[in-house]
Amino acid sequence: MTVKTLTINDQLITASAEQTILDAAKEAEIKIPTLCHLEGVSDVGACRLCLVEIEGSSKLQPACVTQVQEGMVIQTETEKLKEYRRMAVELLFAEGNHVCAVCVVNGNCQLQNVAIKVGMDHSRFPYKFPKREVDLSHRLFGMDHNRCILCTRCVRVCDEIEGAHVWDVANRGGQSFIVSGINQPWGEVDACTSCGKCVDACPTGAIFRQGSTASEMTCDRSTLEFLHRARTKKEWTR
Amino acid sequence: MKKIKLATVWLAGCSGCHMSFLDLDEWLLELAQKVDIVYSPIADIKDYPDGVDICLVEGAIANEENLALIKEIRQKTKFIISFGDCAVTANVPGMRNMLGPAETVLKRSYLELGDITPQLPQEPGIVPELLDRVSPVHEVVNVDLFLPGCPPNAARIRSVIEPLLKGESPVMEGRKMIKFG
């Protein structure tokens, strides 16, 4: 294992060459906010919450998909980063229809959590109020595209842990949305095993258990981490 | 000491924020020692007065009456607080924006879903016209402080008003002060 030495927030740390800045920071107990990152599945750098400043680069880099390099000097909490992170969260709220008062995960929502963390008490961007669909064709679960932030956690967890690949992303840019199967109603996708991993992975109330009322739904993400760890390290207990 | 002129206004919302305000219970008596309520849905005052110090605005801007009133409020008020999610995000009243402009919404509500004698409400000068888009308050006028929540609970309302009465700015940070829904 090659070891790299780098500095994060003036703290000298060591990390293995394969590690990302996010992993290295986590080991050094330096907290970087994340939203699309999910332990156990690959990283895609979709939400831009984990942006960091790297000395010598004018661009802000997402910590979850940037590998450590020897001698890197990284800052994770500058005023510039705080401002951009808050803007990223405001944009997420402005571009969907996030009506917390009628949402099943109100109070248990990771989007709300990061909003609080970055100090967002309102969005400075005009709300778009897009017209989006709700899919209730699955007998157990529902998909409310109004609450989707396109983090693709559901896509990755279904593909990489469950191996069913029910979810994918259709279109590009502002027209993007999550599709089930080949853009079929979720209930008609034969590949779906109804395992509920996507429900546990979703950071908002976009994918939910039917019958859940506002503030009622919680997601157990530790199950996903456990499954991933148990499979890769062959830690099955039975 | 001169009393602070406090107003509370109810625009497009459910009045839940005002209910939460009344949940301040006995602290309201303390508050009454320090402020004059110069305009409020819980006081019978017809016109919004001049020289208001602090105004709590509940609700979004959904019709022409809301729009005219919020502009008058901005002109006559030193410090406006967006009070609750409807004022801060448009919240539930804003959900009609996904249906399209006012005409589509009215047709859906009063014609397509009208059981008996379906007709559009029309009483110029009495029933205010709907705006095509429900907006949060800060998209229409400048807002000085945001107090989200549906509704913000009494403790949080007090944590905002108390420092303001002393001339201090409340710090809107952390889970205790920022809460949506």
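First things first, this report covers the structure right here in the doc. (Residues numbered from 1 in each chain as written. Chains lettered and ligands numbered in written order. Predicted model: local features only at pLDDT ≥ 70, side-chain atom pairs only at ≥ 80, totals over all residues. Heavy atoms only, no water.)

## A closer look at the overall build of chain A
Our working definition: Helix numbering and strand numbering both begin at the N terminus, where a helix is a DSSP run of H or I of at least 4 residues and a strand a DSSP run of E of at least 2. Relative accessibility under 20% of the residue-type maximum defines a buried residue, over 50% an exposed one, and the middle range a partly exposed one, all with a 1.4 Å probe and only protein chains included. We call two residues in contact whenever any of their non-hydrogen atoms come within 4.5 Å of each other. In this description, accessible areas are obtained by the Shrake-Rupley approach with a 1.4 Å probe, and a residue is regarded as covered only by the protein chains that are shown. Charge counting treats Lys and Arg as positive and Asp and Glu as negative, with His and both chain ends excluded. Positions of charges follow a simple convention, taking NZ of Lys, CZ of Arg, CG of Asp or CD of Glu.
The secondary structure content of chain A amounts to six helices and ten strands. Seen through its C-alpha atoms, chain A measures out along the principal axes to roughly 55 × 50 × 30 Å. Per-residue burial for chain A yields a buried fraction of 52% across its 238 residues. Taking as baseline every contact in chain A between residues at least 6 positions apart, the subset at least 24 positions apart corresponds to 61%. Carbon and sulfur atoms provide 49% of the accessible area of chain A, an area that totals close to 11,700 Å². The averaged location of the 30 negative side-chain charges in chain A is 1 Å from the averaged location of its 27 positive side-chain charges.

## Quick look at the overall build of chain B
For the record, the criterion: The atom set for the radius of gyration is the C-alpha atoms, and the globule formula is 2.2 Å times the number of residues raised to the power 0.38.
Along the backbone of chain B there are seven helices and seven strands. Of the regular secondary structure in chain B, the N- to C-terminal order runs β-α-α-β-β-β-α-β-α-α-β-β-α-α. Scaling as 2.2 N^0.38, a compact globule of 181 residues should have a C-alpha radius of gyration of about 16 Å, and chain B matches this with 17 Å. With respect to the three principal axes, the spread of C-alpha positions in chain B is 55 × 35 × 30 Å. When each of the 181 residues of chain B is scored for burial, the buried share is 47%. Considering only intrachain contacts with a sequence separation of at least 6, the fraction spanning at least 24 residues in chain B is 77%. Summing over all exposed atoms, chain B offers an accessible surface of approximately 9,400 Å²; the carbon and sulfur share of this is 54%. Separation of charge centres in chain B, based on 19 positive and 25 negative side chains, amounts to 6 Å.

## Description of the packing of helix 2 (residues 79-95) of chain A against helix 3 (residues 110-117) of chain A
Residues and elements named next belong to chain A. Basically, it comes down to this: Geometry is summarised by axes, namely lines fitted to C-alpha atoms with helices restricted to the contacting stretch, and by angles between N-to-C directions that run from 0 to 180 degrees. Throughout this description, any angle smaller than 35 degrees is read as roughly parallel, any larger than 145 degrees as roughly antiparallel, any in the 65 to 115 degree range as roughly perpendicular, and the remainder as oblique. What makes a crossing left-handed is the near helix being turned counterclockwise from the far one by less than a right angle; a clockwise turn instead makes it right-handed. Classification convention: Asp, Glu, Lys, Arg as charged; Ala, Val, Leu, Ile, Met, Phe, Trp, Tyr, Cys, Pro as nonpolar; all other residues, Gly among them, as polar.
As a packed pair, helix 2 and helix 3 sit with axes 9 Å apart at the nearest point and diverge in direction by 140°. As far as their axial angle goes, helix 3 and helix 2 are oblique. Like other packed secondary-structure pairs, helix 2 and helix 3 cross with a definite hand, here left-handed. In contact with Val89, Leu92 and Phe93 of helix 2, helix 3 contributes Leu111, Val114 and Ala115. Classifying every residue of the contact of helix 2 with helix 3 gives six nonpolar, no polar and no charged.

## Brief notes about the sheet that holds strand 5 (residues 77-83) of chain B
Residues and elements named next belong to chain B. Put simply, the rule is: When DSSP locates at least two bridges between a pair of strands, those strands are taken to pair.
The sheet built from five strands is open, its strands ordered 2-1-3-5-7 with parallel pairing. Single-partner strands in this sheet number two, and they are strand 2 (35-39) and strand 7 (145-147). Neighbour-to-neighbour, the strand axes of the sheet open up by a mean angle of 25°, direction not taken into account. Bridge count for strand 3 (residues 52-58) against strand 5 is six bridges, and the pairing is parallel. Counterpart to Val57 in the pairing with strand 5 is Ser82. Contacting strand 1 (4-10) and strand 2, helix 2 (residues 27-34) crosses the sheet at an angle of about 90° to strand 2.

## Notes on a negative patch on the surface
The test is simple: For patches, a residue must show more than 30% relative accessible area and have no salt bridge; joins then use 9 Å for like charges and 5 Å for nonpolar side chains, namely Val, Leu, Ile, Met, Phe, Trp and Tyr. A pair is scored as a salt bridge if a Lys or Arg side-chain nitrogen falls within 4 Å of a carboxyl oxygen belonging to Asp or Glu.
Judged by side-chain charge, Asp23, Asp25, Glu26 and Glu30 of chain B come together as a negatively charged surface patch. Topologically, Glu26 of chain B is positioned in the loop between helix 1 (16-22) and helix 2.

## Quick notes on a nonpolar patch on the surface
A contiguous nonpolar patch, built from Val102 of chain A together with Val92 and Met95 of chain B and spanning about 200 Å² of accessible area, is present on the exposed surface. Its place among the elements puts Val102 of chain A in the loop between helix 2 and helix 3.

## Some words on the nonpolar core
Rules: Only buried residues count toward a nonpolar core. Its members are Ala, Val, Leu, Ile, Met, Phe, Trp, Tyr and Cys residues joined through side-chain atoms within 4.5 Å.
Core analysis: the largest hydrophobic core is formed by 65 residues, its most contacted members being Trp167, Trp186 and Ile207 of chain A together with Tyr48 of chain B. Discounting chain neighbours no more than four positions away, the residues touching Trp167 of chain A are Met143, Cys154, Val155, Cys158, Ile178, Val179, Ser180, Trp186, Cys198 and Ile207 of chain A. Core analysis: the next-biggest nonpolar cluster, separate from the first, contains 22 residues, Leu6, Val35, Ile81 and Leu147 of chain B among them.

## Overview of helix 6 (residues 221-232) of chain A
Residue and element names in this part refer to chain A. Threshold: One fewer than the residue count of a helix, multiplied by 1.5 Å, yields its expected span.
The end-to-end C-alpha distance of helix 6 is 17 Å, a good match for the 16 Å that twelve residues give at a rise of 1.5 Å each. Those residues of helix 6 that fall on the buried side of the exposure criterion are Arg221, Leu224, Leu227 and Ala230. Looking one or two places after helix 6, you find Lys234, whose phi comes out positive at around 50°.

## Some words on the environment of Ala90 of chain B
Within the element layout of this structure, Ala90 of chain B appears in the loop between helix 4 (85-89) and helix 5 (102-112). For Ala90 of chain B, a relative accessible area of 0% puts it in the buried group. As a C-alpha pair, Ala90 of chain B and Val137 of chain B span 47 residues in sequence and 8.0 Å in three-dimensional space. With residues near it in sequence (within four places) discarded, Ala90 of chain B still touches Phe129 of chain A together with Ala60, Asp85, Val134, Ser135 and Pro136 of chain B.

## Remarks on the side chain of Thr76 of chain A
With respect to the element layout, Thr76 of chain A can be found in the loop between strand 5 (73-75) and helix 2. For Thr76 of chain A, the contacting residues outside a window of four places in its chain are Ile8, Asn9, Ile30, Ile32, Val52, Leu81 and Arg85 of chain A.

## Some remarks on the state of the cysteines
Selection criterion: Cysteine sulfur atoms are paired as a disulfide whenever they come within 2.5 Å of each other.
Counted under the stated rule, the structure contains zero disulfides over all chains. In this structure Cys202 of chain A is not part of a disulfide, and its nearest cysteine sulfur, from Cys151 of chain A, lies 6.2 Å away. Of the cysteine sulfurs around Cys150 of chain B, a residue in no disulfide, the closest is that of Cys86 of chain B, at 5.8 Å. Judged by its relative accessible area of 33%, Cys150 of chain B is partly exposed.

This is a description of form; function is not addressed.
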